[in-house]
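# Structure assessment
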Amino acid sequence: MNSIRALIVDDSSVMRKIVERSLRQAGIELSEVIEAGNGSEALTVLQERQVDIILCDINMPVMDGLEFVKSLSGVKNAKDVPVIMITTEGGQGKVMEAVQLGANGYVRKPFTAEQIKEKLTGLV
């Protein structure tokens, strides 16, 4: 697996660090980690930067994960970039909506490094 650039989108800075640590513990070699606090910030990042994977929370202020995934179709730097949703959602509704909108999969909080690795296998 090559070194990858990850975009982690979550309104909690602590959760962004947990996701980054989980990626490293899963043996994912990260060349760069870019953080965004909501979907709107993430779209701004993607206007200027290319990434290899996006890990995105569903519930965030300003622009939630569903709106963000919906907006990716018009972003050149997001073309063919896998998106993994990270959620506390108990029900399947929002998660399935995210997948229908183009997300490649999801993990539920709390998650393990092994679960992250499993979801990323074949994507990066």
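Before reading on, note that the structure itself is shown above.
In short, a report on the structure. Owing to the predicted nature of the structure, the values given are computational and were not obtained by experimental measurement.

### Considering the pairing of strand β5 (residues 105-108)
The alternating pattern of β5 places Gly105 and Val107 on a buried face and Tyr106 and Arg108 on a face that is not buried. Across four bridges, the pairing between strand β4 (residues 83-87) and β5 is parallel. The partner of isoleucine 86 across the bridge, within β5, is valine 107.

### A closer look at the packing of aromatic side chains
Tallying each qualifying case throughout the model produces zero aromatic pairs. Above the ring of tyrosine 106, the side-chain terminus of lysine 119 is found at 5.3 Å from the ring centroid.

### Here's the deal with the packing of helix α1 (residues 13-25) against helix α5 (residues 113-120)
Contact geometry for α1 and α5: axes closest at 8 Å, N-to-C directions at 75°. For the element pair α1 / α5, the angle class is roughly perpendicular. Contacts between α1 and α5 involve Ser22, Leu23 and Gln25 from the former and Ala113, Ile116 and Leu120 from the latter. Broken down by class, the residue content of the contact of α1 with α5 amounts to four nonpolar, two polar and no charged.

### Overview of the nonpolar core
One finds Leu7, Val9, Leu46, Ile54, Phe68, Leu72 and Met85 to be the most contacted residues of the largest nonpolar core, which totals 26 residues. Within the residue set of this core, elements represented by two or more residues are β1 (4-9), β2 (30-36), α2 (39-48), β3 (53-57), α3 (65-71), β4 and α4 (93-101). For this core, the leading source of residues is α2, giving four residues. Discounting chain neighbours no more than four positions away, the residues touching phenylalanine 68 are Gly39, Ala42, Leu43, Leu46, Ile54, Cys56 and Met63. Formed by 18 residues, the second largest nonpolar core is a distinct cluster that contains Ile4, Ala6, Leu23 and Leu120.

### Some thoughts on the sheet that holds β1
The strand order across the open sheet built from five strands is β2-β1-β3-β4-β5, with neighbouring strands paired in parallel fashion. Each end of this open sheet is capped by a strand with a single partner; those strands are β2 and β5. Strand-to-strand twist across the sheet, computed as the mean angle between neighbouring axes with direction ignored, equals 20°. Contacts between α1 and the sheet are confined to β1, β2, β3 and β4, with β2 contributing the most and set at about 160° to the helix. The strands touched by α5 within the sheet are β3, β4 and β5, with β5 carrying the most contacts at an inclination of about 175°.

### A few points about unusual backbone geometry
In this model, lysine 109 is joined to proline 110 through a cis peptide bond whose omega is -10°. Relative to the helices and strands, proline 110 is located in the loop between β5 and α5. At valine 62, a position not held by glycine, the phi torsion is positive, near 70°. Note that valine 62 resides in the loop between β3 and α3. Under the relative-accessibility criterion, valine 62 is labelled exposed at 68%.

Conventions we followed
- Residues numbered from 1 in each chain as written.
- Predicted model: local features only at pLDDT ≥ 70, side-chain atom pairs only at ≥ 80, totals over all residues.
- Heavy atoms only, no water.
- Buried < 20%, exposed > 50% of the residue type's maximum accessible area, 1.4 Å probe, protein only.
- Helix = DSSP H or I, 4+ residues; strand = E, 2+ residues; numbered from the N terminus.
- Pairing = 2+ DSSP bridges.
- Phe/Tyr/Trp six-rings, centres within 6.5 Å; stacked < 30°, edge-to-face > 60°.
- Lys NZ or Arg CZ within 6 Å of the ring centre and 35° of its normal.
- Axes fitted to C-alpha atoms, helices over the stretch in contact; angles between N-to-C directions.
- Parallel < 35°, antiparallel > 145°, perpendicular 65-115°, else oblique.
- Contact = heavy atoms within 4.5 Å.
- Nonpolar A, V, L, I, M, F, W, Y, C, P; charged D, E, K, R; others polar.
- Core = buried A, V, L, I, M, F, W, Y, C linked by side-chain atoms within 4.5 Å.

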